[in-house]
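# Summary of structural features
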Amino acid sequence: MLDFLRKKKTEKPALSALWEETDENRFVTALSAHVAEKCAYGEDLAALSPAERVFYLTQTCEEEVNNGGFDQLFFNAGCGLRELPEAFRAIGAPKTADICARAMAALGQAFPEDRETRQTLLELREKELAETLQACDEAFLRYEEDLTALNAAYVRAHREDFS
């Protein structure tokens, strides 16, 4: 009787429907949500194909850096971060790859894959790292490469690897 008062369940578009999206931003955003859910938001990267992993890592990096910088990315993200520079190279973003490599190098030659180790390192060296990570944030946020277009093109070229 009062069905209009009930909260309607928002349905996620099926993966097959995502491929029909012509707006790059909506396409990348929707696929990013799908891939993130598939790997339990980075807790199970083994669930992803190599192409999905590249996409997930580049999207996670962009989202975290936009929201709080490399400091936030390194503090929040799970495993796989060592692959960031190569992931950005894979989509055709070598400048962004270099920025990520510089940010990671600030934490030391043996970039910690383990989140807790990174968090401890970030807390202990906060003042020492601040200037370098801030410079990397600023370089990243200049967007010298169109990451949305590059990700969309990469994904479409590897469509068979996405499920």
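Structural data are supplied above this passage.
First, a word on what this report is: a plain description of the structure on this page.

Reading the values: rules and limits
Residues numbered from 1 in each chain as written. Predicted model: local features only at pLDDT ≥ 70, side-chain atom pairs only at ≥ 80, totals over all residues. Heavy atoms only, no water. Phe/Tyr/Trp six-rings, centres within 6.5 Å; stacked < 30°, edge-to-face > 60°. Helix = DSSP H or I, 4+ residues; strand = E, 2+ residues; numbered from the N terminus. Buried < 20%, exposed > 50% of the residue type's maximum accessible area, 1.4 Å probe, protein only. Lys NZ or Arg CZ within 6 Å of the ring centre and 35° of its normal. 1 Å grid on protein atoms, 1.4 Å probe; cavity = no way out; pocket = protein on both sides within 12 Å on 5 of 7 lines; lining within 4 Å. Points joined across faces, edges and corners; volume = space filled by probe spheres on them. Nonpolar A, V, L, I, M, F, W, Y, C, P; charged D, E, K, R; others polar. Core = buried A, V, L, I, M, F, W, Y, C linked by side-chain atoms within 4.5 Å. Contact = heavy atoms within 4.5 Å. Expected span 1.5 Å × (residues − 1). Bend = angle between axes of the 7 residues up to and from the residue.

### Digging into the packing of aromatic side chains
Within the structure shown, the criterion is met by eight aromatic pairs. With a centroid separation of 6.2 Å and an interplanar angle of 80 degrees, the aromatic rings of W19 and F162 are classed as edge-to-face. Here the residue W19 occupies a position in the loop between α1 (15-18) and α2 (24-38), and F162 occupies one in the segment after α8 (147-157), the gap between them amounting to 143 residues. Here F162 falls in the buried class, since its relative accessible area comes to 7%. Plain terms: the ring middles of F74 and F111 are 5.1 Å apart, the flat faces sit at 65 degrees to each other, and that makes the pair edge-to-face. Placement of F74 in helix α3 (residues 50-76) and of F111 in the loop between α5 (94-105) and α6 (115-124) is noted, with a sequence separation of 37 residues between them. Assessed through its relative accessible area of 0%, F74 is described here as buried. Ring pairing ties together the aromatic residues F70, F74, F88, F111, F140 and Y143, which thus form one cluster. Here the guanidinium or amino end of R156 rests over the ring plane of F27, the centre of that ring lying 3.8 Å away.

### Things to note about the layout of surface pockets
Here the largest pocket is characterised by a volume of approximately 240 Å³. What lines the largest pocket is a set of 18 residues, among which Y41, G42, Y56, T60 and E64 lie closest to the centre. Here the lining of the largest pocket gets six residues from one element, more than from any other, and that element is α3. In the lining of the largest pocket, the residues fall into nine nonpolar, five polar and four charged.

### Here's the deal with the nonpolar core
L31, C61, F70, L73, F74, L84 and F88 are the most contacted members of the largest nonpolar core, which totals 47 residues. Of all the secondary-structure elements, those providing two or more residues to this core are α1, α2, α3, α4 (84-90), α5, α7 (126-141) and α8. Sort the elements by how many residues they give to this core and α3 lands first, with 10 residues. Here L31 is in contact with L15, L18, F55, V155 and F162, once residues within four sequence places are set aside.

### A look at α7
Taking 1.5 Å per residue, 16 residues should reach 22 Å; α7 reaches 21 Å between its end C-alpha atoms and fits that length. The largest bend in α7 is about 25 degrees, located at T132. What α7 keeps buried is the set L129, L133, C136, D137, A139 and F140. Those residues of α7 hidden inside the fold are in contact with α3, α4, α5, α6 and α8. In the stretch just after α7, Y143 is the one whose phi turns positive, near 45 degrees.

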